[in-house]
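# Coordinate inspection notes
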Amino acid sequence: MDRNDVVEEKIRTFVRQRPALPDEPVPQSTNPPPPPTFLGGGIDVDDDCLDVTETSICYTANDQQRCYEVDGGFDGDGTQAEVYEATARSIVDAVGSGYNGTILAYGQTGSGKTHTMRGGISVSEAGITPRALLQLFELQKQSDATLTFSLSYVQIYCERLSDLLGNDTDELSIRDRPAHDGGGVYVRNATRVPVTTPRQALDLLAAGDSKRATASTLMNEFSSRSHAVALLHVERKTKDSLQRSTLTLVDLAGSERHAACAGRYKRLEESRAINLGLSALGNCVSALAERRPHVPYRDSKLTRLLQASLGGTARTALIACCAPGGDATGETKSTLEFAARARKVVVRAAPRDVAVDYQSLYEEVKDSIDDYRTRERKALDEVESLKDKEEATQQRILELERENDALKHALQRQQRPVVEGDQVDVIEQLHAKFNDDTEEAERRHAAELRTAQSRADAKIKAYRDAAEVSARECDAAEAALTGEREGHLASLKELRRVKAEFRETEARHAARVSELIEEVAAAKGEGEAKAQEADKAADALLKRVETLEVSRQEQLETDYVSRDAVAEMEKLFRSTIDALAARLEDLEGKRVSDVAAGRSRGRVSAGARAVLESLDAGEDLPPLHERFGGRRRAKPLATQNMPRAPPRRRVSAKPAIPRFY
Ligand code: ADP
Ligand code: MG
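Going by the annotation in an unreviewed UniProt entry, the name recorded for the protein chain is Kinesin-like protein, with Pelagomonas calceolata given as the source organism. Reading the Subcellular location (unreviewed entry) entry of the UniProt record for the protein chain gives the comment "Cytoplasm". According to UniProt, the comment filed for the protein chain under the heading Sequence similarities (unreviewed entry) is "Belongs to the TRAFAC class myosin-kinesin ATPase superfamily. Kinesin family."

Set out below in structure tokens:
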């Protein structure tokens with residue numbers, strides 16, 4: 001972008017006061033306020049440029065005159081054409097050259113905003129919008145560049161942005177446009193209709209108008225309660241550049257305070273929402289006029305949408321519309337104040353150059369070529385299919401002609417006179433041929449029948465054999481199954497029997513075990529008793545030995561025995577005692593080992609056992625009185641020297657009881 005292309009200028013501001021309407025009530029006041037007076041300056045228009053000289057508009061209310069500086073003013077005599085030339089033409093030109101442009105109509109309801117922007121249907125009454133469209137399409141014809149147009153039409157009603165050209169009622173959103181696309185904002189998802197004639201664009205706007213939210217008030221039956229924004233998008237293509245610009249035409253809702261509305265109670269929320277947009281517009285204009293660092297564009301949908309128009313890259317004109325008459329005094333004053341503030345705002349407009357995306361252009365061209373080729377292929381296919389159809393039709397015509405010829409021929413033959421002999425020959429020949437053919441056919445048929453019969457027989461036999469085999473296999477399988485089943489039953493029976501036997505054995509074993517336990521207990525008791533008996537017997541024997549010894553001593557004392565005999569007897573007796581002692585030691589050792597091995601058979605004293613064992617072996621004490629013939633009392637040495645048996649220890653040996661489960 002060339003620095004010279006940047007246009008830095010103020011928002012150009014105009015005031016238009018509409019004439020009094022024929023049916024408008026004339027103020028009855030004896031001292032009506034005078035209408036605003038336009039002082040000095042004026043607007044000169046020639047073919048090439050618009051030269052607006054500085055103008056002041058002075059307004060007297062309540063005997064006080066205030067003057068506001070504006071760029072131009074129109075009273076009731078100002079025509080639509082004059083207003084257009086002064087306010088819009090240069091901006092529309094700029095839009096055709098790649099700049100963004102905005103024209104706003106501001107003012108209270110019934111002040112002439114819609115009349116200014118759209119106007120009436122006659123040519124002279126046509127407002128800014130139709131004139132701008134005409135101008136742009138005129139530029140399209142004259143320009144070296146290719147200009148294409150598309151139209152969007154949206155409204156902001158109660159802070160809701162909606163599409164007036166689309167079918168859906170979804171709320172639209174305002175987004176920032178990327179810097180490479182020229183920056184600014186755009187309405188996302190808004191319908192964009194390509195337009196090729198001013199008529200088409202006006203029809204679309206008229207269709208959109210029917211959707212606008214309107215409500216009746218006492219001030220103006222058709223007063224608009226919504227902000228209507230028409231966006232005419234222009235794409236300007238040259239050999240090496242692409243520029244996109246937008247002409248934004250805004251017909252604002254009435255700027256009056258809701259207190260001025262008779263229907264205010266019903267539409268308080270609506271009025272608040274409308275006032276929100278307009279007061280935000282006022283705040284933004286004030287911030288921009290005072291060059292404050294922060295401008296609250298995001299306070300309302302309206303200011304966000306007009307962000308570029310107010311303080312950005314658009315050339316902007318504001319037409320402040322005023323109504324005549326005393327009723328409008330207050331509103332006119334505030335409208336003029338707003339206009340004067342807006343005039344202080346400086347905008348810095350520049351053409352919106354868009355980087356040419358050669359890749360996209362290439363893709364676009366390639367797509368169109370592909371599309372053309374596809375269509376060409378389809379057309380060729382259609383030609384081919386038509387050719388085929390034509391060929392088939394020709395073929396059919398030929399066939400029909402041939403049939404026709406054949407029929408003609410047959411007809412001629414039928415009409416030919418028949419010679420009798422010829423006819424008989426022919427009939428005979430035909431008959432003979434028929435007979436031959438019939439015979440041949442019968443033969444062939446019989447042969448075929450036979451073959452088929454034999455094949456069928458073979459097949460039937462094969463099937464029967466197979467069926468028999470299957471039946472046999474089936475029987476065998478059944479028999480096997482039966483056998484298997486019986487086997488299973490027998491096994492089951494056997495299993496049951498074994499189980500019962502096992503249970504019986506188990507019970508028997510348990511009983512036997514109990515018996516054995518009892519037997520063991522009984523045997524133990526018996527053993528104990530026998531051991532006691534043996535002890536008793538041993539004690540008795542010992543007593544008897546002692547008695548015998550005493551009686552032998554007595555006998556010795558009573559019998560006379562010589563010294564030599566006594567000595568011999570004593571010698572003999574001592575050797576006997578030694579032998580007994582040795583024997584006793586042996587037995588004692590054996591008993592100790594038996595006790596250690598658990599083979600003790602009861603408590604028998606060692607001496608008694610030695611005597612018992614001597615007696616068991618058949619040994620006997622020599623009859624002393626017989627051998628020595630005398631009586632001598634001797635000490636019972638045999639018992640004196642006998643070692644005593646160790647005390648018998650009771651061992652409780654409980655037998656382990658086997659368990660059966
Ligand atoms: P607004 O849009 O501000 O509510 P309108 O544009 O609807 O007001 O104007 C209200 C009435 O005044 C309409 O009937 C309109 O035709 C008429 N009117 C407005 N301005 C003019 C004008 N300059 N000359 C003639 N009639 C006008
Ligand atoms: Mg209107």
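Read on for the rest.
### Thoughts on the pattern of salt bridges
Inspection of every chain in the model, using the stated rule, returns 22 salt bridges. The residue Glu 138 makes a salt bridge to Lys 141 at a minimum N-O spacing of 3.8 Å. Within this pair, Glu 138 and its partner Lys 141 are both found in helix H4 (residues 128-142), separated by three residues, close to a single helical turn. In this structure Glu 138 comes out as partly exposed when scored by relative accessible area, which is 37%.

### Side note on the UniProt feature "binding site: ATP" (unreviewed entry) in the protein chain
Summarizing the sequence annotation, UniProt attributes the feature "binding site: ATP" (unreviewed entry) to Gly 107, Gln 108, Thr 109, Gly 110, Ser 111, Gly 112, Lys 113 and Thr 114 in the numbering used throughout. Its location among the elements puts Thr 109 in the loop between strand S9 (100-107) and helix H3 (113-117). What makes Thr 109 buried here is its relative accessible area of 6%. Looking at the secondary structure, you find Ser 111 in the loop between S9 and H3. Those residues in contact with Ser 111 that lie beyond four places of it in its chain are Arg 18, Cys 321, Cys 322 and Ala 323. Polar side-chain contacts of Ser 111 include one of 2.6 Å to the backbone oxygen of Gln 108.

### Points about the side chain of His 233
Examined against the element boundaries, His 233 turns out to sit in strand S15 (residues 227-237). Polar contacts involving the side chain of His 233 include one to the side chain of Ser 152, which spans 3.2 Å. The contact partners of His 233, leaving out residues within four places of it in the chain, are Thr 148, Phe 149, Ser 150, Ser 152, Arg 192, Ser 245 and Thr 246.

### Some details on the site of ligand 1
Close contacts around ligand 1 come from 13 residues, with Gly 110, Gly 112, Lys 113, Thr 114 and His 115 the closest. In the environment of ligand 1, an oxygen atom lies 3.2 Å from a nitrogen or oxygen atom belonging to the backbone of Gly 112. In the model, an oxygen atom of ligand 1 is placed 2.8 Å from a nitrogen or oxygen of the Lys 113 side chain. For ligand 1, whose unbound accessible area comes to 550 Å², protein coverage reaches 74%. Counting residues per element, the shell around ligand 1 draws most heavily on H3, which supplies three residues.

About the criteria used
- Residues numbered from 1 in each chain as written.
- Chains lettered and ligands numbered in written order.
- Predicted model: local features only at pLDDT ≥ 70, side-chain atom pairs only at ≥ 80, totals over all residues.
- Heavy atoms only, no water.
- UniProt positions renumbered as here; feature names shortened; annotations may be inferred.
- Salt bridge = Lys/Arg side-chain N within 4 Å of Asp/Glu carboxyl O.
- Helix = DSSP H or I, 4+ residues; strand = E, 2+ residues; numbered from the N terminus.
- Buried < 20%, exposed > 50% of the residue type's maximum accessible area, 1.4 Å probe, protein only.
- Contact = heavy atoms within 4.5 Å.
- Polar contact = N/O pair within 3.5 Å; in protein donor to acceptor, adjacent residues only side chain to side chain.
- Near = heavy atom within 4 Å.
- Areas by Shrake-Rupley, 256 points an atom, 1.4 Å probe, with all protein chains shown as cover.

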